[in-house]
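Commentary on secondary and tertiary structure
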Amino acid sequence: MNERVQPIIELNELSKRYGIGDAEYFALSNLNLTILPGEFVMIMGPSGCGKTTLLNIMGLLDRATSGQYLLDGKAVERISRRRQARMRGNKIGFIFQNFNLVPGLNVIENVALPLVYRGYYKTRRLTVASKVLERFHLQEREYYMPWQMSGGQNQRVAIARALVNNPSIILADEPTGNLDSRNSHIVMEELKEIHDQGNTIVMVTHNAALTTYATRVINMLDGQIDTDVKTTADADLPTAAPKEPKKAKPRKKPRKNKKGKS
Ligand SMILES: Nc1ncnc2c1ncn2[C@@H]1O[C@H](COP(=O)(O)OP(=O)(O)OP(=O)(O)O)[C@@H](O)[C@H]1O
Ligand SMILES: [Mg+2]
């Protein structure tokens, strides 16, 4: 129903500037975006339009130059870096295109890694990690090294690692970018299941065919949101409290042209 819920992510007039002087460049430009709990948002757009920059800011891996970011209602700009790191550990799970597994650690150790920051002892870490791997039907691979696994299996390990802390939001930057279509499908089915369980997912992709999994598709262009479309008429999806429409401010500098990816 249309109950008003607190957005899990709210970005107001967010900008990210790189460089100074002549080299000044806005990767994000006065961007406004509200994401509600339970949405499965896919972000598309040409190479260089700011997708990764946006995801990294949402994931507290990077800071905006100006604007406001409310994560679960809290203004992150006002939070110390240490508390931000703790928030990231508790609330956010990251999945990357190149899996980012630690090559010298086996599967279960990789999945258990985020729990180090929780202060769990090793046995407890491995027990929790083992449970998550079981859910992904990877328990027989617990002691494999990443190089002994397929790309699809490694990405599923990376998803297990992203979920081990029970985050409320999953951020995925082209999680199927290095996978063939069969493995892409397997990974997408896993993400769908995670979404069906009530998690919020924000995923960047270049593959338009995957948008069938999304409840909302956002197209970015030149550091701004170009189009924003709800793709499922899901009566159970909450809607945000209406906001005053804001006029986009002009970018400080025209951005240099960049060719889009195919
Ligand atoms: N650390 C940095 N220093 C300077 N410029 C940067 C930096 N990181 C990103 N940029 C620039 O910001 C713009 C947005 O980059 P971003 O990585 O967000 O693009 P993207 O949409 O994720 O592209 P792709 O689809 O190729 O991954 C690009 O023009 C990029 O060159
Ligand atoms: Mg990117």
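Residue indices begin from 1 for each chain and proceed along its sequence in written order. Just so you know, chain letters begin at A and ligand numbers begin at 1, following the order they were written in. In keeping with the model being predicted, local features are shown solely for residues with a pLDDT of at least 70 and side-chain atom pairs are shown and tallied solely at 80 or more, while totals for entire chains, interfaces and linings include all residues.

Looking at the sheet that holds strand 9 (residues 216-221)
How we decide: At least two bridges found by DSSP between two strands are what make those strands a pair. In DSSP terms, a helix is any run of H or I states spanning at least four residues, a strand is any run of E spanning at least two, and both are numbered starting from the N terminus. Axis definition: a line fitted to C-alpha atoms, over the contacting stretch in the case of helices. Angles run 0 to 180 degrees between N-to-C directions. Here contacts are defined at the residue level, using C-beta atoms placed from the backbone and a cut-off of 7 Å between them.
Judged by pairing direction, the sheet is mixed, and its 6 strands sit side by side in the order 6-7-8-3-9-10 without closing on themselves. The sheet is open, and its two edges are formed by strand 6 (92-95) and strand 10 (224-230), each paired on a single side. Looking at each pair of strands side by side, their axes are set apart by 15 degrees on average, direction ignored. In the sheet, strand 6 pairs with strand 7 (residues 169-173) via 4 bridges, with the strands oriented parallel. Within the sheet, the bridge partner assigned to isoleucine 95 lies in strand 7 and is alanine 172. Relative to strand 8 (residues 200-204), helix 1 (residues 51-58) is tilted by about 150 degrees, and along the sheet it contacts strand 3 (40-44), strand 7, strand 8 and strand 9.

A closer look at the pairing of strand 10
Side-chain positions along a regular strand alternate between the two faces of the sheet. Across 6 bridges, strand 9 lies against strand 10 in antiparallel orientation. Bridging from a neighbouring strand, asparagine 219 pairs with threonine 227 of strand 10. Hairpin geometry of strand 9 and strand 10 is characterised by an intervening segment of 2 residues between the two adjacent antiparallel strands and by a positive phi of about 50 degrees at aspartate 222.

Thoughts on the site of ligand 1
The test is simple: Here, nearness means that the C-beta atom of a residue, built from backbone geometry, sits within 6 Å of the molecule or strand in question. Throughout this entry, Asp, Glu, Lys and Arg are counted as charged residues, while Ala, Val, Leu, Ile, Met, Phe, Trp, Tyr, Cys and Pro are counted as nonpolar. The remaining residues, Gly among them, count as polar.
Around ligand 1 sit 11 residues, and of these Tyr18, Ala27, Ser47, Thr52 and Thr53 come closest. For the shell around ligand 1, the per-class residue count stands at 3 nonpolar, 6 polar and 2 charged.

Some words on helix 1
What counts, and what does not: Residues with at least 20 neighbouring C-beta atoms inside 10 Å of their own are called buried, those with 12 or fewer are called exposed, and the rest are partly exposed, where every C-beta is derived from the backbone.
Burial of helix 1 is extensive: 6 of the 8 residues sit out of reach of the surface. Where helix 1 is concerned, the buried positions are Lys51, Thr53, Leu54, Leu55, Ile57 and Met58. Two residues or fewer after helix 1 comes leucine 60, characterised by a positive phi angle close to 60 degrees.

Observations regarding the pairing of strand 2 (residues 25-35)
Burial runs high along strand 2: 8 of the 11 residues are buried. Of the strand pairs in this sheet, strand 1 (residues 9-18) and strand 2 are connected by 7 bridges, and their pairing is antiparallel. Residue pairing across strands places leucine 11 opposite leucine 33, the latter belonging to strand 2. Where strand 1 folds back on strand 2, the antiparallel hairpin that results is connected by 6 residues, among which glycine 19 adopts a positive phi of roughly 75 degrees.

A short note on helix 4 (residues 122-135)
Threshold: One less than the residue count of a helix, multiplied by 1.5 Å, gives the span that helix is expected to have. Each C-beta atom gives one direction from the helix axis, and the arc is the one those directions make.
If you check helix 4, its first and last C-alpha atoms are 20 Å apart, about what 14 residues at 1.5 Å a residue would give, namely 20 Å. When we look at burial in helix 4, the residues that qualify are Arg125, Ala129, Val132 and Leu133. The buried residues of helix 4 all sit within an arc of 100 degrees when viewed along its axis, so they share a single face. At its buried positions, helix 4 is contacted by helix 3 (107-112) and helix 5 (151-163). The positive-phi residue at the C-terminal boundary of helix 4 is histidine 137, with phi of around 55 degrees.

Here's the deal with the confidence of the model for the chain
The following threshold applies: The pLDDT score gives, residue by residue, the confidence of the prediction method on a 0 to 100 scale.
Averaged over all residues, the pLDDT of the chain is 88; the fraction at 70 or higher stands at 87%. Counting interchain partners and residues more than four positions distant, the pLDDT-below-50 stretch residues 257-262 has 7 contacts.

Some points on the sheet that holds strand 1
On the basis of which strands lie adjacent, the open sheet formed by 4 strands has the order 2-1-4-5 and antiparallel pairing. Each having just a single partner strand, strand 2 and strand 5 (74-75) make up the two edges of the open sheet. With 5 bridges connecting them, strand 1 and strand 4 (residues 66-71) associate as antiparallel partners. What sits directly across from glutamate 10, in strand 4, is leucine 70. Running over the sheet, helix 1 touches strand 1, strand 2 and strand 4 and is turned about 125 degrees from strand 1.

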